[in-house]
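# Breakdown of the fold
Single-letter residue listing:
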Amino acid sequence: MARPREFDPDQALEGAMNVFWEHGYDAASLPFLLDGMGLSRGSFYKAYADKKSLFIKVLNRYETETLTPIIALLATQGRDGLERINDLFERITSAVADGDRRGCLLCSAAAGPAAVDGDISELVHIQLRRIEDAFLVALTQSVQFEQCDREDRVQMASLLLTQYMGLRMLVRSNGALDTITHATTAVREVLRRQPPGCQKPRAAQAGA
């Protein structure tokens, strides 16, 4: 009969996520991970094999706990899509104002191990594509962009993804709150404008 594990896997994975979030993948040494997870070296290698395997599990957990709510915010109907997008960017500013400087674990992974490891890169880009697709849904469900060609919305969704990633990395690097606030304001102003080939929103046409 197999012996039961002597630790809580959920708590251990949560501890690992906090270590990776604080130190980044490369600097998350085994001693840091063992301390954060409350594991012995033997238990660690029996359960996770190596740091890369653990990190992939952490990214999957991050997707469930953090990424899925972001997707829901952007893609759930009920408010105009631009309001949902602006809400997401405002939440970045609010988190920094409240002292949260962790940034985005996924964005940090994209700038770190994903650049050299194929397995991590594939997972990171799948998750980033989910965010981009959610931006596209929100744009499609906005009065401002619903009359635009799909290609215009796709390009804007890609731009929003790069702005989101850039802001989250700026947060991680202790960028000034004023800079982050100005950037989120600029995103809001960009969204108020349409690509040149778009028709006017129906509301604007009705009032013309």
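Keep in mind the model is a prediction, meaning the values are calculated, not measured. (Residues numbered from 1 in each chain as written. Predicted model: local features only at pLDDT ≥ 70, side-chain atom pairs only at ≥ 80, totals over all residues. Heavy atoms only, no water.)

### Examining helix 3 (residues 41-48)
Residues of helix 3 that are buried include every one of F44, A47 and Y48, and no others. Within helix 3, the buried residues cover an arc of 80 degrees as seen down the axis, which keeps them to one side. Of the surrounding elements, those touching the buried residues of helix 3 are helix 1 (9-27), helix 2 (30-37) and helix 4 (51-75). (Buried < 20%, exposed > 50% of the residue type's maximum accessible area, 1.4 Å probe, protein only. Helix = DSSP H or I, 4+ residues; strand = E, 2+ residues; numbered from the N terminus. Arc of directions from axis to C-beta. Contact = heavy atoms within 4.5 Å.)

### Side note on the layout of surface pockets
Here the largest pocket is characterised by a volume of approximately 290 Å³. Along the wall of the largest pocket there are 17 residues; nearest its centre are T66, I70, R91, Y164 and R168. Those elements giving two or more residues to the lining of the largest pocket turn out to be helix 4, helix 5 (81-97) and helix 8 (150-172). Here the residues of the lining of the largest pocket sort into ten nonpolar, two polar and five charged. (1 Å grid on protein atoms, 1.4 Å probe; cavity = no way out; pocket = protein on both sides within 12 Å on 5 of 7 lines; lining within 4 Å. Points joined across faces, edges and corners; volume = space filled by probe spheres on them. Nonpolar A, V, L, I, M, F, W, Y, C, P; charged D, E, K, R; others polar.)

### Here we look at helix 2
Residues L30, L33, L34 and M37 constitute the buried set of helix 2. Burial along helix 2 is one-sided: seen end-on, the buried residues are contained in an arc of 100 degrees. For helix 2, the exposed residues set more than 90 degrees away from the buried face come down to P31 and D35. In the stretch just after helix 2, G38 is the one whose phi turns positive, near 70 degrees.

### Concerning the nonpolar core
In terms of nonpolar packing, the biggest core is built from 65 residues, with F20, Y48, L54, I85 and F135 touching the most fellow members. Dropping the residues within four chain positions of it, I85 is found in contact with L74, F135, A138, L139, L160 and L191. (Core = buried A, V, L, I, M, F, W, Y, C linked by side-chain atoms within 4.5 Å.)

This is a description of form; function is not addressed.
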